[in-house]
Amino acid sequence: MSALIKFRDVCKTYYMGDAVVRAADHITMKIEKGEFVAIVGQSGSGKSTCMNIIGCLDVPTSGTYLLNGQDVGAMDKDELAAIRNKMLGFIFQQYNLLPKLTLLENVEVPLMYAGVPKSERHERAKLALELVGLGDKVRNKPNQLSGGQQQRASIARALVGEPAVILADEPTGALDSHTSREVLNMLQMLHEAGNTVVLITHDNSIAVQAQRIIRLEDGRVVYDGDAHAPEAVVRPTLAGNGGGQ
Ligand SMILES: Nc1ncnc2c1ncn2[C@@H]1O[C@H](COP(=O)(O)OP(=O)(O)OP(=O)(O)O)[C@@H](O)[C@H]1O
Ligand SMILES: [Mg+2]
C-alpha cells in the first residue's frame, strides 16, 4: 500500500531578482496513515512551504507530491480546493475562526463546503464541539472565549469532516504553557483515535510530543526519525543560529 503523504524530490523555488531561494530543496519523505509527525526547523527553514504543499495550498516547482496516491502537482485550482476540503483539516496559530458566526456555525463551515445537509451538519458540529469540551458553548461567538477555547473550537472544525490528515501549523504559538499542553493532549488524543496528525513547529519541546520528527534546514531534510532519539534534537553550537540569546 502506498503512503498517505509522499514527497519525491519536492522543490519550491522563488526567484527574487537575481537571487534564487530554494524554500524546499529536493525533499523526499513519506507519512503513513495514522502517524503523528512533527515538521520542525528554525525560521526560514521551509516549514510553511512544506505545510502549504502538504495542505494543497501550493504546488511544488518540481518533484512530485502524492496525497493518497493522487498527484497534487498536476491539479488546477478547483481540484486543489476539492481535495483540500475532502482530505485535510487545518489548525492555525491564530485559530482563524469567523468572528460573526457562533462556534457551531464555525465548525459547520467545512461540512457546508462538502455539501452535507443542514440537520446532519448541526449534529456533527455539535458532537465535534462536545468532543473538545465545548458542548456548552455552541451558541457563543469566538470573541466570548479564551484563546485555548478558541483553539479547541478550531480543532473541532479541523476534525468534523473526518479528514485523512490533520495539519496543525504552530497551534500553540499564541497560548500559555498550560493551555498549550491541553491543545497538545488533544492532538495526541486524535492520533490515538487513529488520525494522521502533522504538526508544524519551530519549538523542539513541542515537536517531541509527536512520534516522529522531520527536521528541516535551508529547505532540506536533515533528520527524519524517532522523535525521542538523541539526534532528533539539535544542540546549540557556538556558531549557532539563534543560539546567542
Ligand atoms: N513567496 C515567497 N517569495 C520569496 N521567498 C519566499 C516566499 N515564501 C517563502 N520564501 C523564502 O523561503 C524560505 C522558507 O520560508 P518558510 O516560510 O517556508 O519558512 P518557515 O520555516 O515557515 O519560517 P518561520 O518559522 O519563520 O515561519 C525563506 O528563506 C523565505 O524567505
Ligand atoms: Mg512559517
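What counts and how
Residues numbered from 1 in each chain as written. Chains lettered and ligands numbered in written order. Predicted model: local features only at pLDDT ≥ 70, side-chain atom pairs only at ≥ 80, totals over all residues. Heavy atoms only, no water. Helix = DSSP H or I, 4+ residues; strand = E, 2+ residues; numbered from the N terminus. Rg over C-alpha atoms; globule rule 2.2 N^0.38 Å. Areas by Shrake-Rupley, 256 points an atom, 1.4 Å probe, with all protein chains shown as cover. Lys, Arg positive; Asp, Glu negative; His and termini not counted. Charge placed at Lys NZ, Arg CZ, Asp CG, Glu CD. Near = heavy atom within 4 Å. Polar contact = N/O pair within 3.5 Å; in protein donor to acceptor, adjacent residues only side chain to side chain. Pairing = 2+ DSSP bridges. Contact = heavy atoms within 4.5 Å. Axes fitted to C-alpha atoms, helices over the stretch in contact; angles between N-to-C directions. Core = buried A, V, L, I, M, F, W, Y, C linked by side-chain atoms within 4.5 Å. Buried < 20%, exposed > 50% of the residue type's maximum accessible area, 1.4 Å probe, protein only. Salt bridge = Lys/Arg side-chain N within 4 Å of Asp/Glu carboxyl O. Parallel < 35°, antiparallel > 145°, perpendicular 65-115°, else oblique. Left-handed = near helix turned anticlockwise from the far one by under 90°. Nonpolar A, V, L, I, M, F, W, Y, C, P; charged D, E, K, R; others polar. Patch = residues over 30% accessible without salt bridge, like charges linked within 9 Å, V, L, I, M, F, W, Y side chains within 5 Å.

Student: Could you give me a rundown of the overall build of the protein chain, with the residues and numbers involved?
Tutor: Summing up its helical and strand segments, the protein chain has 7 helices and 10 strands in all. Compactness check: the protein chain gives a C-alpha radius of gyration of 18 Å against a globular reference of 18 Å for 245 residues, within 12% of the reference. Element-wise, carbon and sulfur atoms account for 50% of the exposed surface of the protein chain, whose accessible area totals about 12,400 Å². Seen as two clouds, the 25 positive and the 28 negative side-chain charges of the protein chain have centres 4 Å apart.

Student: Break down the site of ligand 1 for me, with residues and values.
Tutor: Neighbouring ligand 1 are the residues Tyr-14, Met-16, Val-21, Ala-23, Gln-42, Ser-43, Gly-44, Ser-45, Gly-46, Lys-47, Ser-48 and Thr-49. Gly-44 places a main-chain nitrogen or oxygen 2.8 Å from an oxygen atom of ligand 1. In the environment of ligand 1, an oxygen atom lies 2.9 Å from a nitrogen or oxygen atom belonging to the backbone of Ser-48. Here ligand 1, which alone exposes 640 Å², has 60% of that area covered by the protein. For the shell around ligand 1, the secondary-structure elements that each account for two or more residues are strand 1 (5-16), strand 2 (19-31) and helix 1 (47-54).

Student: Now, about the sheet that holds strand 5 (residues 70-71): what can you tell me, with residues and values included?
Tutor: Spatially, 4 strands are ordered 2-1-4-5 in an open sheet, and the strand pairing comes out antiparallel. Of all the strands in the sheet, just strand 2 and strand 5 have a single pairing partner and so form its edges. Two strands pair when backbone bridges link them, and strand 1 and strand 4 (residues 62-67) are joined in this way by 5 bridges, in the antiparallel orientation. Across the sheet, Phe-7 pairs through a bridge with Tyr-65, a residue of strand 4. Packing of helix 1 onto the sheet brings it into contact with strand 1, strand 2 and strand 4, and relative to strand 1 it is tilted by some 125 degrees.

Student: Mind laying out the nonpolar core, listing which residues take part and the relevant values?
Tutor: Grouped together as the largest cluster of nonpolar side chains are 42 residues, with contacts concentrated most on Leu-129, Ile-155, Leu-187 and Ile-213. Those elements that provide at least two residues to this core are strand 3 (36-40), helix 3 (103-113), helix 4 (118-131), helix 5 (147-159), strand 7 (165-169), helix 6 (177-192), strand 8 (196-201) and helix 7 (204-207).

Student: Give a detailed account of the pattern of salt bridges, specifying residues and quantitative values.
Tutor: Applying the stated criterion across every chain, the model contains 8 salt bridges. Glu-108 is the partner of Arg-121 in a salt bridge, and the nearest nitrogen-oxygen pair spans 3.1 Å. Placement of Arg-121 in helix 4 and of Glu-108 in helix 3 is noted, with a sequence separation of 13 residues between them. A relative accessible area of 5% means that Glu-108 is categorised as buried. Look at the salt bridges and you will find they share partners, linking Glu-35, Arg-212 and Asp-224 into a network.

Student: Account for the packing of helix 3 against helix 4, with residues named and values stated.
Tutor: Relative to each other, helix 3 and helix 4 sit at 120 degrees, their axes nearing to 9 Å. The angle between helix 3 and helix 4 places the two elements in the oblique class. Crossing of helix 3 over helix 4 shows right-handed handedness. Contact residues: helix 3 offers Leu-103, Leu-104, Val-107, Glu-108, Leu-111 and Met-112, while helix 4 offers Arg-121, His-122, Arg-124, Ala-125, Lys-126, Ala-128 and Leu-129. A per-class count over the contact of helix 3 with helix 4 returns 8 nonpolar, 1 polar and 4 charged.

Student: Account for a nonpolar patch on the surface, naming residues and giving values.
Tutor: Among the surface-exposed residues, Tyr-14, Met-16 and Val-21 lie close enough to one another that they form a single nonpolar patch of about 290 Å² accessible area. Mapped onto the elements, Val-21 comes out in strand 2. Among the residues examined, Val-21 registers a relative accessible area of 39% and is labelled partly exposed.

Structural measurements only, silent on function.
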